[in-house]
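# Architecture at a glance
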Amino acid sequence: MSDSAERIPTVMGALRSPRMLKTEVLAGLVVALALIPEAIAFSIIAGVDPRVGLFASFTMAVSIAFLGGRPAMISAATGAIALVIAPVAKQYGLDYFIATVILAGVLQVVLGVLGVAKLMRFIPRSVMVGFVNALAILIFTSQFPSLIGVPWLVYPLVAVGLLIMFLLPKVTSVVPAPLVAIVLLTVATVVFALNVPNVGGEGELPSSLPALLFPDVPLNLETLSIIAPYALAMAIVGLLESLLTAKLVDDVTDTHSNKTRESWGQGAANVITGFFGGMGGCAMVGQTMINVKASGARTRISTFLAGVFLLILVVGLGDIVALIPMAALAAVMIMVAIGTMDWYSIHPKTLRRMPRSETAVMLATVVVTVATHNLAYGVVVGVVTAMVLFARRVAHLTEVVDVAHPDEDTRAYAVKGELFFASSNDLIYQFDYVGDPKNVVIDMSESHIWDASTVATLDAITSKYEAKGKHVRIIGLNAASAERHVRLSGQLSGGH
């Protein structure tokens with residue numbers, strides 16, 4: 001359960017409410033339909049059979065419904081994970097590929113238990129906004145294969161689908177608009193025998209249930225040296241995307257979730273998925289937004305049913321699912337992209353009001369994410385950019401002031417501001433080593449020492465004065481700064 005379960009609709013509450021249960025069931029069905037073509041596409045990216053991606057989406061969704069810390073979030077096979085571990089399948093084969101997924105799951109469990117989720121607090125809002133906007137762009141551009149170089153009939157079908165999803169919620173919310181669009185467009189395609197691409201053309205659908213599988217790889221250090229780097233990359237990328245998606249759902253639903261549980265839950269789900277021959281995965285922002293935003297789901301029921309419906313659709317009703325036009329699914333994803341985009345953040349008035357550094361961080365996140373098609377890379381670059389710009393801004397808030405001349409042999413300086421590597425490096429140039437009298441007092445009651453770089457700078461200042469035969473006295477340090485100064489002063493080689 002989440003950290004504030006009383007604020008989130010519960011499974012029992014949904015089971016007691018026919019209206020709520022209907023919303024969860026229909027949301028799960030819509031998500032399952034949207035998962036099929038993407039799971040097939042991600043399998044192709046990873047260089048494995050479509051069944052590997054479809055089974056992964058089933059086992060991930062069902063497992064995370066019980067293990068995850070963010071109700072209503074959808075986890076399945078994803079493009080980011082496929083890109084990270086694709087080289088393993090290409091170079092070493094499917095067994096090493098599955099072993100990589102299992103090891104990545106184990107690493108995620110370890111990272112989750114160690115509290116990696118707490119690092120989420122260091123991701124600034126501007127990075128989150130960039131993450132959301134980049135996601136919207138990626139969701140939209142991922143539909144290009146279904147929209148470029150296709151029969152002209154695809155375009156009116158997409159337009160009709162968008163129209164249905166835009167207008168239907170204004171009339172009724174009894175049935176999710178995406179589901180209505182998919183059903184009506186499929187019926188129209190079949191009745192009028194329209195020659196347009198459909199799900200069946202994306203790849204072969206499985207005809208049997210997934211079975212337990214233990215990868216046939218040697219259990220030795222050589223195998224570990226092959227799969228470990230890819231497994232670690234998959235673990236980090238998966239956790240980053242999942243925790244960011246959980247934060248996004250928290251914001252959309254105005255609820256809080258258990259990020260630590262989500263971290264180890266993702267790992268456990270990947271281990272389970274690996275042993276069922278799946279390619280692993282993580283949270284899917286697009287499908288999660290379909291579930292939470294477009295369909296109104298709020299509990300674990302929708303996540304569980306998305307996996308169950310996926311299996312039923314591809315194994316039991318594969319012939320019918322194959323008839324769904326790709327135009328219908330493209331329309332759903334375009335609508336999700338429109339709803340995901342934070343339009344307020346790119347409004348001219350907002351951009352004029354926002355500090356340039358905040359806008360720069362958002363743009364860096366968007367550009368890198370869209371360029372690499374990897375949300376994790378974009379977030380890392382965004383966070384690093386935010387840190388650099390913050391350090392640069394804070395560095396300029398430090399000043400040295402000549403405050404007093406008690407007598408002709410003494411001069412007193414006051415250092416004001418937060419002192420760390422970026423702000424303290426220039427500190428050494430703020431004193432008059434030649435012109436100052438024999439005694440120099442540096443009052444630091446309005447400053448704080450944060451790191452060893454500052455202590456090294458103070459040592460260098462003292463050394464410069466002593467080289468001129470002058471005495472320096474540092475006063476006014478607060479308890480934490482004094483402790484750090486006493487512990488490190490004189491221990492940093494060469495004052496650097």
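Presented here is a report on the structure given in the accompanying data block. Here the residue index of a chain counts from 1 through its sequence in written order. Owing to the predicted nature of the model, reporting of local features is limited to residues with pLDDT of at least 70; listing and counting of side-chain atom pairs is limited to 80 or more, with chain, interface and lining totals taken over all residues. The side-chain quantities take in all heavy atoms of the structure and omit both hydrogens and water.

## Here's the deal with the overall build of the chain
- Here a strand is any run of E in DSSP of at least two residues, a helix any run of H or I of at least four, and the numbering for each starts at the N terminus. Across its full length, the chain carries 21 helices and 6 strands.
- Dimensions along the principal axes, computed over C-alpha positions, put the chain at roughly 100 × 60 × 50 Å.
- Note on areas: Shrake-Rupley, 1.4 Å probe, and residue coverage restricted to the protein chains presented here. By element, 66% of the accessible surface of the chain is carried by carbon and sulfur atoms, the whole surface being about 22400 Å².
- Taking the average place of the 32 positive charges on the side chains of the chain and the average place of its 33 negative ones, the gap between the two points comes to 8 Å. Neither His nor the chain ends contribute to the count of charged residues, in which Lys and Arg are positive and Asp and Glu negative. Where a charge lies is defined by one atom per residue type, namely NZ (Lys), CZ (Arg), CG (Asp) and CD (Glu).

## Observations regarding the pairing of strand β4 (residues 410–419)
- Working definition: with a 1.4 Å probe on protein chains only, accessible area under 20% of the residue-type maximum means buried, over 50% means exposed, and in between means partly exposed. Judged by how many residues are buried, β4 sits mostly within the fold: 8 of 10 residues are covered.
- The pairing criterion is simple: DSSP has to find at least two bridges between the two strands. Pairing geometry for strand β3 (residues 399–407) and β4, over 6 bridges, is antiparallel. What sits directly across from V400, in β4, is V415.
- Counted between consecutive antiparallel strands, the loop separating β3 from β4 contains 2 residues.

## Description of a nonpolar patch on the surface
- Only residues whose relative accessible area exceeds 30% and that take part in no salt bridge are eligible for patches, with like-charged residues grouped when within 9 Å of each other and nonpolar side chains (Val, Leu, Ile, Met, Phe, Trp, Tyr) grouped when within 5 Å. Here a salt bridge means any side-chain nitrogen of Lys or Arg lying within 4 Å of a carboxyl oxygen belonging to Asp or Glu. A cluster of nonpolar side chains, namely V183, V187, V191 and F192, defines an oily patch on the protein surface of about 400 Å² accessible area.
- With respect to the helices and strands, the residue V191 is situated in helix α9 (residues 177–191).

## Some thoughts on the pattern of salt bridges
- Per the stated rule, a full pass over the model turns up 7 salt bridges.
- When the shortest N-O distance is used, the salt bridge between D402 and R411 registers 2.9 Å.
- In this structure D402 comes out as partly exposed when scored by relative accessible area, which is 34%.
- Bridged by salt links that share partners, the residues R70, D250 and K259 form one connected network.

## A few points about the packing of aromatic side chains
- Aromatic pairs are defined between Phe, Tyr and Trp rings, using the six-membered ring for Trp, whenever the two ring centres lie within 6.5 Å; interplanar angles under 30 degrees are classed as stacked, those over 60 as edge-to-face, and all others as tilted. Following the criterion strictly, the structure yields 9 aromatic pairs and no others.
- When the centroid spacing of 6.4 Å and the interplanar angle of 45° are considered together, the rings of F431 and Y433 count as tilted.
- Its relative accessible area of 12% is what places Y433 among the buried residues.
- On the numbers, 6.4 Å between centres and 80° between planes, the contact of F431 with Y465 is edge-to-face. Of this pair, F431 sits in the loop between α19 (421–424) and β5 (439–449) while Y465 sits in helix α20 (residues 452–467), placing them 34 residues apart in sequence.

## Let's talk about the packing of helix α6 (residues 125–141) against helix α10 (residues 221–253)
- The axes are straight lines fitted to the C-alpha atoms, using for helices just the contacting stretch, and the angles between their N-to-C directions are given from 0 to 180°. Where α6 contacts α10, the axes come no closer than 11 Å and their chain directions differ by 95°. The angle between the axes of α6 and α10 places the two elements in the roughly perpendicular class. Contacts between α6 and α10 pair M128, F131, V132 and L135 from the former with L244, T245, K247 and L248 from the latter.
- Ten residues, namely Ala, Val, Leu, Ile, Met, Phe, Trp, Tyr, Cys and Pro, are considered nonpolar, four, namely Asp, Glu, Lys and Arg, are considered charged, and the remaining ones, Gly among them, are considered polar. A per-class count over the contact of α6 with α10 returns 6 nonpolar, 1 polar and 1 charged. Under this scheme an angle from 65 to 115 degrees is roughly perpendicular, one under 35 degrees roughly parallel, and one over 145 degrees roughly antiparallel; angles in between are oblique. Only heavy atoms enter the contact rule, under which two residues are in contact if any of them lie within 4.5 Å.

## Quick word on the sheet that holds β4
- The mixed open sheet is built from 4 strands, whose spatial order is β3-β4-β5-β6. Among the strands making up the open sheet, the edge pair consists of β3 and β6 (471–475). In this sheet, adjacent strand axes meet at a mean angle of 25° when their direction is disregarded.
- Two elements, β4 and β5, share 9 bridges in a ladder whose sense is parallel. Paired with Y413 across the strands is I442, a residue of β5.
- Sheet strands touched by helix α21 (residues 479–488): β5 and β6. Its angle to β5, the strand with the most contacts, is close to 120°.

## With respect to unusual backbone geometry
- A positive phi is found at A72, a non-glycine position, where the angle reads about 75°.
- Relative to the assigned elements, A72 resides in the loop between α3 (50–67) and β1 (75–76).
- Phi is positive for A193, which is not a glycine, with a value near 50°.
- Here A193 is to be found in the loop between α9 and α10.
- Residue A193 is classed as exposed on the basis of its relative accessible area, which comes to 62%.

## Some details on the side chain of Q266
- The residue Q266 is located in helix α11 (residues 259–275) in this model.
- Contacts described as polar in this section are N or O atom pairs within 3.5 Å, which, within protein, must combine one atom able to donate a hydrogen with one able to accept it, while residues neighboring in sequence count only if both atoms come from side chains. Only 2.8 Å separates the side chain of Q266 from the side chain of S75, close enough to count as a polar contact.
- Beyond its immediate sequence surroundings of up to four residues, Q266 is in contact with M60, I64, M73, S75, Q108, L239, S242, G281, C282 and A283.

## Quick word on the environment of A479
- Mapped onto the elements of the fold, A479 is located in helix α21.
- A479 gets classed as exposed once you look at its relative accessible area, which sits at 65%.
- The spatial distance from the C-alpha of A479 to the C-alpha of H448 is 9.7 Å, given a sequence separation of 31 residues.

## Describing helix α18 (residues 375–395)
- Expected span of a helix: the number of residues minus one, times 1.5 Å. With 21 residues, α18 extends 30 Å from end C-alpha to end C-alpha; this agrees with the ideal 30 Å at 1.5 Å per step.
- Taken residue by residue, α18 has L375, A376, G378, V379, G382, V383, A386, A391, V394 and A395 as its buried positions.
- Buried residues along α18 sit against α6, α10, α12 (285–294), α17 (356–372), β4 and α19.

## Structural notes on the environment of A395
- On the secondary structure map, A395 appears in helix α18.
- For A395, a relative accessible area of 17% puts it in the buried group.
- For the pair A395 and G378, spaced 17 residues apart in sequence, the C-alpha separation works out to 26 Å.
- Here A395 is in contact with F420, A422 and S423, once residues within four sequence places are set aside.

## Looking at the nonpolar core
- What we call a nonpolar core is a set of buried Ala, Val, Leu, Ile, Met, Phe, Trp, Tyr and Cys residues that are connected through their side-chain atoms within 4.5 Å. One finds I36, F97, I123, F131 and M279 to be the most contacted residues of the largest nonpolar core, which totals 112 residues.
- At 13 residues, the largest contribution of residues to this core is made by helix α2 (residues 18–46).
- Not counting residues within four places of it along the chain, the set of residues in contact with F97 comprises A46, V48, V52, I85, V88, A89 and M279.
- Listed in part, the 19 residues of the second largest apolar core include V400, F431, V440 and V472.

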